[in-house]
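# Descriptive analysis of the structure
In case you want the letters, here they are:
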Amino acid sequence: MALAVKRSISEIGTLPEPTTIVPQIPTHRLYKRIRRNACKSNGTLSSILSYVNLLEDASSNEALQILLKITDSMHFDENEFPDAIRKLVEHFQREPESAVRVKILSLFADLATETGIDGQQLIDEVIKLLKVEKSAKVISQGLIVLEKIGKSFTPSVAYVNQMVFFAKVKLFSPSHNVQRHAILLLGVFVLVSDAEKESLELIGKYTDSPDARVRAQAFRSMLTLGERGVQLPPSLYPRACSSLTDDYECVRKEALNMVFELGVRHPEEMIKVQDSEQEVRLIDDAFGKVCSAICDLSMNIRTLAAELLGGMTMVSDEFLHQTLDKKLMSNMRKKRSLHERSAAHFASGEWSSGKKWADDAPKEVISADSVSLMASGACGALVQGLEDEFLEVRTASVNSMCKLALKNSLFAVTSLDFLVDMFNDEIEEVRLRAIYSLTAISRHIILREDQLETMLSSLEDYSVEVREGLHLMLGACKVSTKACLTLVVQKVLDVLLKYPEDRLSTFGCMQRVGQKHPEICMSITPQLLLDHPFFDSAERDVEDPAYVCVLIMLFNAAQHLPAMLSLFPETTIKHYAYLRDTMPNFVPRLAVGGDTKELNLIGSTGSRQFLETLLSNIQRAYSAPQARQALLKAAQDDLDRLAEIDPAFSGTANFTSVFFGAQLQMEQLQLAATGHSIKAPIKECLLQLIKKCLMLQNLFSNLTIDDQLLVKQMCLRASALNLVLIVKDRSQSALGPCQLLLHIASDASSFLQENSLLIADTFTSTILTKLASLGDPKPGRVYREILPIVQTAAPVVIPQINTNIKMCKARIIEPTESSYSAENVIKVTAGLIAAVPFVAELENLQQSQRQDLRLKVKYPDQNVHIIVPRKRDLKKVMTEQGESESQWRLRTKVLLSHGVWTEASTVEITICLSVKPNNELELCKPVKVHFAPKPVKRGL
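Residues numbered from 1 in each chain as written. Predicted model: local features only at pLDDT ≥ 70, side-chain atom pairs only at ≥ 80, totals over all residues. Heavy atoms only, no water.

The subject of this paragraph is the pairing of strand β12 (residues 874-879). A regular strand places its side chains on the two faces of the sheet in alternate fashion. Taken together, the five bridges between β12 and strand β13 (residues 882-896) define a ladder with antiparallel strand orientation. By the bridge assignment, M878 is partnered in β13 with E883. (Pairing = 2+ DSSP bridges. Helix = DSSP H or I, 4+ residues; strand = E, 2+ residues; numbered from the N terminus.)

Written out as structure tokens, the structure is:
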């Protein structure tokens, strides 16, 4: 249970920490006592004073080593912190070496972020030390430490003002590093009301600093203030624009962010064009400035500029369309009246003498930059981004073009050709982004035949992700003519012959094509079915994937255009009945072949009513143990069946079923703890109970706070039973189970401390009180204290119905048992490796669980291999609306190898979550493949 213990500790800082109403011990002391006991049981609680006392007679080098040891071991007795801080401050004041003083300040920050030390005391001490400090390096580190300490808790207004005042004083330091960190501290902690009055202007002055790092930090701090709610005025815009030509990349980057932020915040603000009296909207001018940055020498700036363009959706249409044309459009030129041109010519004081060639030429044709509303370098910005040599810039340009096209249908039509050209990019990632972008804007466009030829040529790509992306895109887009649809169908079927593993993806593509083009499908139905108007044609093979694709498309088109049914021959109607039964996800219900009424399950009423009745029956049998256990066993079967027939209610049904299963195991083990004999082995029951508790902790999401409390109480009961039965058994050490109980109790106490409105049950309250009162939590003493509580514990409260619960589960698409049956055996020389393609789809997998995903391979000799898939093999499933929030696809290869077998046998492959060492939770049933390692053939 080592990993389960670690998980419980990590949850202490992230989960809400409620406080239960527990007698005898105040709630604010209960958690600290349990946590201290948990640390004592591990033997990790040490004394910080024992380290700090060594500093008195140590040299600078020795002091540095001691401070490093303190940093490495952060499990200290919190009662010693005030004395330790005082001695560290005294050593700081007498230490001549600046590196040691820097390390002491860094140690203060580590203590504030990793322990429960008083942050306000640290702020006072650090500021006192820095006021008399002369070293710029130490002052700079002190400002960093103040920022970390301030972020570790919520300081009062007085302490915030104290830090802000100190930072303003240090702004006048001659050290550029001190100035930079002082500006950083101001941006993070200055009050919003004060920032709008004077602090914003004060920080803005440092954008003209001679040091590039200070200039960049000034812009970054102003952006931080904007994120905190400070109103950034448009007067900052000229200052940001002038910094776009700075020599240093860091300054240009922050200035570009500032230009973007001001343009988005004040889109309708009118500003004057440079060297002209004409005014444009601020968002338009900012858009032009960001477009100019795509020509920057730095790849990072070009990438950032391409990314920012996608967020400026309020830009005018003429500026937006100019990004796709490298020539300056006529409507983007400045228009000056005859009076303005004459006045400018008279003001110049020159008259044409005829001695100079073209000295009386019109002023507006002298320079393109001086006569346009957008700089000539910004024209065709997105085109330049798509043609950039770096894939980061090209990818960002494709994404921005997609975002802008989603907001502007005319721009979507114009940008279509450019996105189609990106299908031929040499980098797979760029091709995929272009495909997904075109899928996203599909509702705005209709594909032409010349565009389809370029798209369909990419269908033969070696990458399965590109092919599946194209299938998704073709299903989302609309085509214009009958010839276009015929071209799509023919090409998709040809590629299916080359890549038969794309069968499911192709079926989904043809399904969506039929739904979007019912009229065109009707016109080519006889052609696709090879139906002659006079002669009967031979019946086609319903197992042929190409024929199945055609039928799926036509059946889905007939759903929206019932008149097509009259065009289907009799054999097609028979094939419909077969496909409807075998592939209900792809073939819709049609008005053919008898009764067409469809039975719909209403999960919000029927399933909920069934579950409410089930729970109420169990609740009535609360005081009758035998009847209650019988009802729980029957309820498990009913809930498992409900999860199968009602997918919308499956998460709730599975959660309740697992909870009931854990409750049954717990009641059986409670009888064993009181001395009664039970039928099943105790060790086996304990393993089953621990597994169900791990399932409740790791496989279910969207739990309410009440559900989380029930799970934690269930785990606390299970760990207490585990300790009691192991001590009774006397066959193994009880130290590990005791540590586990203390850590789970610490986690539950932390949870209850933060969610003060929750009330724990009697068992949890009593256990927490007993554990908190223990001075020395040895296994024997803990066992004696909790034994009567465990033996007399009342049944667990039944969970309330929560329809939002989702369960993490998987579905293996490849390999299938039919593809590697006894006739299709994987044969390999013994000792060598056979790579089996593996594809699975996962639902409701949390982002934090990605690194816990495992593949488990079980051989006939009971050897089990656990394989860690590569991170890049797990990706989110793409839909027409973009990336799916809860669905993932794992595409990898499983490596099989073994010694010599006399005959082929089955190998089980499944996907699971590793929640602790040597204990994995399977997410689906294993698939069996036939494997036959053959002996090495030796030559004569």
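Structure shown, so let's carry the discussion forward.
The next subject is the side chain of H575. On the secondary structure map, H575 appears in helix α30 (residues 570-582). Within polar-contact distance, the side chain of H575 engages the side chain of Y547 at 2.9 Å. In contact with H575, other than residues within four places in its own chain, are E539, R540, V542, Y547 and L551. (Polar contact = N/O pair within 3.5 Å; in protein donor to acceptor, adjacent residues only side chain to side chain. Contact = heavy atoms within 4.5 Å.)

What follows is about the pairing of strand β11 (residues 864-867). Note: strand β10 (residues 853-858) against β11, four bridges, orientation antiparallel. For L855, the partnering residue across the bridge sits in β11 and is I867. Following β10, the chain reverses through five residues before pairing antiparallel with β11; Q862 in that reversal takes a positive phi of roughly 70°.

Once that is clear, we can look at the nonpolar core. As a rule of thumb, soluble globular proteins bury nonpolar side chains together. Ranked by internal contacts, the top residues of the largest apolar core, which has 182 residues, are F108, L256, L438, M473, L474 and L554. The biggest single contributor to this core is helix α29 (residues 545-560), with 12 residues. Every residue in contact with L256, bar those within four places of it in the chain, is listed here: L244, V290, A293, I301, L304, A305 and L308. Judged by nonpolar contacts, the second largest core, of 108 residues, contains L632, L699, L725 and L787. (Core = buried A, V, L, I, M, F, W, Y, C linked by side-chain atoms within 4.5 Å. Buried < 20%, exposed > 50% of the residue type's maximum accessible area, 1.4 Å probe, protein only.)

Here the focus is the confidence of the model for the protein. A low pLDDT score tells you not to read the predicted coordinates there in detail. Of all residues in the protein, 88% have pLDDT values of 70 or greater, and the mean over the chain is 84. Contacts for the low-pLDDT stretch residues 1-32, under 50 throughout, to residues beyond four places or in other chains number 85 contacts. For the stretch residues 363-371, pLDDT sits under 50, and the model shows 10 contacts to residues farther than four places along the chain or on other chains. (pLDDT = per-residue confidence, 0-100.)

Okay, helix α35 (residues 705-729) next. In a regular helix each residue adds 1.5 Å, so 25 residues correspond to 36 Å; α35 covers 36 Å between its end C-alpha atoms and thus fits that length. Burial analysis of α35 places 20 of its 25 residues in the buried class, which makes it a mostly covered element. A positive phi of about 60° marks R730, the residue just after α35. (Expected span 1.5 Å × (residues − 1).)

For the rest of this paragraph, the subject is empty space enclosed by the protein. To find the voids left in a structure, one rolls a probe of water-molecule size over its atoms. What the rule picks out here adds up to five cavities of 30 Å³ or more. The space that makes up the second largest cavity amounts to roughly 60 Å³. Lining the second largest cavity are M666, Q670, R717, L721, F763, V790 and A793. Among the elements of the structure, α33 (650-673) and α35 are those that each provide at least two residues to the lining of the second largest cavity. Counted by class, the lining of the second largest cavity contains five nonpolar, one polar and one charged residues. (1 Å grid on protein atoms, 1.4 Å probe; cavity = no way out; pocket = protein on both sides within 12 Å on 5 of 7 lines; lining within 4 Å. Points joined across faces, edges and corners; volume = space filled by probe spheres on them. Nonpolar A, V, L, I, M, F, W, Y, C, P; charged D, E, K, R; others polar.)

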